[in-house]
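If you want the building blocks of each chain, they are given just below.
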Amino acid sequence: MTLESNGCACSTPTPAPGPGFWKSGGWLLAALPAWVALYLGLKPLADWLAFRVLGLQPGSRLGEAVAFFAYDGPKVLLLLGFVVLGVSFVQTFISPERTRDLLAKRTGAWGNLLAALLGIATPFCSCSAVPLFIGFVRVGVPLGATFSFLVSAPMVNEVALFLLLSLFGWRIALIYTATGVAVAFLSGWIIGRLRMEGHLEPWVMDIPFEASVATGGPSGLPARLAVSVEGVRDIVGKVWIYILLGIAVGAFLHGYVPAEFMVRFMGRSAWWSVPLAVLIGVPLYANAAGIIPIVQVLLAKGAALGTTLAFMMAVTGLSLPESVILRKVMRPSLLAVFLGVVAAGIVLVGYLFNLLM
Amino acid sequence: MKIEVLGSGCSKCKLLAERTEEAAKGLGLAFTLVKVTEYPDIVVRGVMTTPGLVVDGILKCQGHVPTVKAIQDFLR
């Protein structure tokens with residue numbers, strides 16, 4: 001297997017700025033005012049639709065539910081599209097290969113912390129978990145740091161961060177990020193201290209492996225923008241239905257369920273709610289964008305912050321499909337330790353916040 | 001020309017395979033397109049993020065799906 005040795009194998013020749021440039025960048029610039037106008041006009045538009053066009057009573061349950069859905073659905077989708085565009089653009093400058101090289105041979109707790117932090121920004125798709133895991137381990141990234149990255153990447157990503165920020169404010173966004181990084185750091189550090197390198201499937205270390213050069217993303221503004229638009233189409237295309245479903249459930253609960261309803265199940269006084277939320281959340285899989293509308297409902301209906309955070313982390317950070325994939329590289333013993341340690345960390349975060357808040 | 005698309009079968013891998021086929025046909029090339037889906041076969045090529053595109057044994061790109069035009073530049 002030969003690899004192109006001269007640096008960036010993926011780069012496309014940069015075209016001279018011309019009509020092509022405006023074709024890829026110009027329409028985005030033109031779309032921005034339309035986006036802002038739509039975003040600002042959503043609330044009156046939703047009220048007009050629910051109370052004028054459909055003739056529902058303001059203040060009635062059905063009327064409020066429909067107005068909530070008509071406002072919140074497009075709002076979250078607009079925000080998501082905007083955020084994913086920006087983030088995808090920034091991520092064309094960051095590659096997993098570069099992250100890997102930064103982490104290689106970095107032993108000790110700093111390696112875990114750096115891995116957990118890099119996990120936030122590095123583009124990651126759970127379908128790449130196996131090759132990424134092997135790529136990390138084989139160039140000498142310590143097992144513990146690899147796990148820190150693997151926990152942090154899906155759990156604390158930029159899309160989750162911006163959605164939390166725009167829907168709940170900076171305090172919850174910051175708490176989620178900080179505790180997510182803490183869970184990733186700690187669980188990776190513990191796994192590292194347990195010295196479980198021998199519990200990998202043998203082929204992981206035996207297979208001939210030659211690290212590829214950092215091919216990076218595309219280069220040149222038009223190509224980067226094209227990839228960013230592609231990212232929006234990919235992510236929004238994948239999650240819009242879950243977001244709308246989540247908001248529909250939310251709208252229904254918003255209109256029909258009393259605000260204190262969740263207090264009994266997910267309130268602070270229900271001590272069993274944190275482990276239960278994690279137990280329910282682990283097998284479920286949704287990415288951060290899909291789970292946030294549900295989180296919004298839970299919080300609005302009286303669920304405790306810690307319990308809700310724990311639920312969200314369990315859904316995004318651990319999942320049955322990902323475990324099945326990871327089983328290909330690790331023995332059941334290591335997989336069990338991984339799931340156990342991360343789940344325990346999440347439960348701890350849940351209790352901590354229920355206690356503090 | 002031997003073209004390989006590396007990836008375990010996620011939506012991006014399928015998209016890359018479709019675009020690559022379109023790109024190669026657009027150039028009028030004689031080619032075979034192979035989808036490499038088993039993890040060991042992917043890893044052994046040094047690829048860390050899927051999907052990856054390998055043309056005649058040379059890794060051209062990984063981790064994202066280029067446009068048809070960009071793929072044609074890889075194939076030329």
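Residues numbered from 1 in each chain as written. Chains lettered and ligands numbered in written order. Predicted model: local features only at pLDDT ≥ 70, side-chain atom pairs only at ≥ 80, totals over all residues. Heavy atoms only, no water.

Enquirer: Teacher, can you tell me more about the overall build of chain A here?
Expert: What chain A contains, in helices and strands, is 16 helices and zero strands. When burial is assessed residue by residue, chain A has 50% of its 357 residues classed as buried. Considering only contacts within chain A whose residues lie at least 6 apart along the sequence, 84% involve residues at least 24 apart. Counting only carbon and sulfur atoms, one obtains 72% of the accessible surface of chain A, whose full area is about 16,400 Å². (Helix = DSSP H or I, 4+ residues; strand = E, 2+ residues; numbered from the N terminus. Buried < 20%, exposed > 50% of the residue type's maximum accessible area, 1.4 Å probe, protein only. Contact = heavy atoms within 4.5 Å. Areas by Shrake-Rupley, 256 points an atom, 1.4 Å probe, with all protein chains shown as cover.)

Enquirer: Explain the nonpolar core to me, please; I cannot follow it from the model alone.
Expert: A general trend in soluble globular proteins is that nonpolar side chains are found buried together. Core analysis: the biggest nonpolar cluster contains 91 residues, and Phe133, Phe147 and Phe338 of chain A have the highest contact counts within it. Both domains that meet at this core, namely domain 1 (31-91 + 222-248) and domain 2 (96-208 + 257-356) of chain A, each give it at least three residues. Residues in contact with Phe147 of chain A, not counting those within four places in the same chain, are Phe133, Gly188, Ile191, Met330, Leu334 and Phe338 of chain A. Listed in part, the 13 residues of the second largest apolar core include Leu16, Ala23, Val55 and Val65 of chain B. (Core = buried A, V, L, I, M, F, W, Y, C linked by side-chain atoms within 4.5 Å. Domains from an automatic or database assignment.)

Enquirer: So what exactly am I meant to see when it comes to the packing of helix 6 (residues 143-155) of chain A against helix 16 (residues 332-356) of chain A here?
Expert: How two helices pack is summed up by the angle between their axes together with the distance between the axes. Residues and elements named next belong to chain A. Helix 16 packs onto helix 6 with a crossing angle of 55 degrees between their chain directions and a minimal axis gap of 12 Å. Regarding the angle of helix 6 to helix 16, the classification is oblique. Taken as a pair, helix 6 and helix 16 cross one another with a handedness that is right-handed. Together, Leu143, Phe147 and Val151 of helix 6 and Leu334, Phe338 and Val342 of helix 16 make up the contact between the two elements. (Axes fitted to C-alpha atoms, helices over the stretch in contact; angles between N-to-C directions. Parallel < 35°, antiparallel > 145°, perpendicular 65-115°, else oblique. Left-handed = near helix turned anticlockwise from the far one by under 90°.)

Enquirer: Please explain the side chain of Ser273 of chain A as it appears in this structure.
Expert: All names here are of chain A. Within the secondary structure, Ser273 sits in helix 12 (residues 273-281). Assessed through its relative accessible area of 3%, Ser273 is described here as buried. With sequence-adjacent residues up to four places away left out, Ser273 is seen in contact with Phe265, Met266, Gly267 and Thr307.

Enquirer: Mind showing me how you'd approach the sheet that holds strand 1 (residues 2-6) of chain B here?
Expert: Across a sheet, strands are paired by hydrogen bonds formed along the backbone, either parallel or antiparallel in direction. All names here are of chain B. With mixed pairing, the four strands of this open sheet are ordered in space as 2-1-3-4. Looking at strand neighbours, the two that pair on one side only are strand 2 (32-36) and strand 4 (58-62), the edges of this open sheet. Neighbour-to-neighbour, the strand axes of the sheet open up by a mean angle of 20 degrees, direction not taken into account. Running over the sheet, helix 1 (residues 11-26) touches strand 1, strand 2 and strand 3 (52-55) and is turned about 160 degrees from strand 1. Helix 3 (residues 68-75) contacts strand 1, strand 3 and strand 4 of the sheet and is inclined by roughly 35 degrees relative to strand 3. (Pairing = 2+ DSSP bridges.)

Enquirer: What's the story with the pattern of salt bridges in this structure? I'm lost.
Expert: Once their charged atoms are close, side chains differing in charge can pair, the charge on each being opposite to the other. Summed over all chains, the structure comprises nine salt bridges over all chains. Residues Arg19 of chain B and Glu230 of chain A are paired through a salt bridge, measuring 3.0 Å at the closest nitrogen-oxygen approach. In this pair, Arg19 of chain B sits in helix 1 while Glu230 of chain A sits in helix 10 (residues 221-256), so the two residues belong to two different chains. The class of Arg19 of chain B is buried, set by a relative accessible area of 13%. Arg76 of chain B is the partner of Asp73 of chain B in a salt bridge, and the nearest nitrogen-oxygen pair spans 3.1 Å. On the accessibility criterion, Arg76 of chain B (65% relative accessible area) is exposed. Each of Lys2, Glu4 and Arg45 of chain B takes part in a single network of salt bridges with overlapping partners. (Salt bridge = Lys/Arg side-chain N within 4 Å of Asp/Glu carboxyl O.)

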